[in-house]
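Residue-level structure breakdown
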Amino acid sequence: MTHTISSDETTYIALADAVSPLPILTPPHPTLRQKARLVQPEDIPNIQAVLPSLFAAMYKAPGIGLAAPQVGISQRFLIIDLGQKEDSSIPPIIMINPEIIQESEEMAEREEGCLSLPSQYAAVVRPESIRVKWTTITGETREYEADGLFARCIQHEIDHLNGVLFVDHLSALRRNMILRRLSKKLKQS
Ligand SMILES: [Zn+2]
């Protein structure tokens, strides 16, 4: 079953201009390394309140995805807006408790960056396409088969909900090199 992506998102995006963007955490902040907990129905009002500042943070960076742990909220939700990149037919999206239920055997290599690892990039190998299931902000269940940049971004953001950063997909040597370079850069600024 494939559903169209809902447009509830526009409400929160419209408010993003009027709020302060949330600061984005960088390593070694412990929240980035924690497994985030499932969102419960009673969490929704707080999430709705924080969404405009979450979108503001993503657009300010600028980035195409942001997960709640990156702003210090250890709960399983994330936002994605691919903008004009590659596939502009995909509107901005809020995913609550997203879950990858199927992965393609076909793998793809693509350069990734991360708003929590500013100015660091590396080629990461992941499944080319995935089937993802999530709950919308209005409580509906959705399922979608994503490929290309959208699939890549979903996998990267769901990693954040599990305390995983893109550098964890690299060799220990490459990972340590990037993290050392980043920590030097963050100390300078
Ligand atoms: Zn990231």
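Residues numbered from 1 in each chain as written. Predicted model: local features only at pLDDT ≥ 70, side-chain atom pairs only at ≥ 80, totals over all residues.

1. Things to note about the pairing of strand β2 (residues 77-80)
- Side chains Phe77 and Ile79 of β2 all project onto a buried face; the interleaved residues Leu78 and Ile80 project onto the opposite face, where all are buried too.
- Both strand β1 (residues 65-67) and β2 contribute to a ladder of three bridges, which runs antiparallel. Within the sheet, the bridge partner assigned to Gly65 lies in β2 and is Ile80.
- Across four bridges, β2 lies against strand β3 (residues 93-103) in antiparallel orientation. The residue bridging Ile80 from the neighbouring strand is Ile93, located in β3. (Buried ≥ 20, exposed ≤ 12 C-beta atoms within 10 Å, placed from the backbone. Helix = DSSP H or I, 4+ residues; strand = E, 2+ residues; numbered from the N terminus. Pairing = 2+ DSSP bridges.)

2. Describing the packing of helix α1 (residues 9-16) against helix α2 (residues 44-60)
- Across the interface, α1 lies against α2 with an axial gap of 8 Å and an inter-helix angle of 70 degrees. Judged by the inter-axis angle, α1 sits roughly perpendicular to α2. Crossing angle aside, the handedness with which α1 passes α2 is right-handed. Contact residues: Tyr12, Ile13, Leu15 and Ala16 in α1; Leu51, Pro52, Phe55, Ala56 and Tyr59 in α2.
- Taken together, the residues that form the contact of α1 with α2 break down as nine nonpolar, no polar and no charged. (Axes fitted to C-alpha atoms, helices over the stretch in contact; angles between N-to-C directions. Parallel < 35°, antiparallel > 145°, perpendicular 65-115°, else oblique. Left-handed = near helix turned anticlockwise from the far one by under 90°. Contact = placed C-beta atoms within 7 Å. Nonpolar A, V, L, I, M, F, W, Y, C, P; charged D, E, K, R; others polar.)

3. A word on the pairing of strand β7 (residues 141-147)
- Across seven bridges, the pairing between strand β6 (residues 129-135) and β7 is antiparallel. The residue bridging Val132 from the neighbouring strand is Tyr144, located in β7.
- The hairpin formed by β6 and β7 contains five residues between the paired strands, and Gly139 there has a positive phi angle of roughly 90 degrees.

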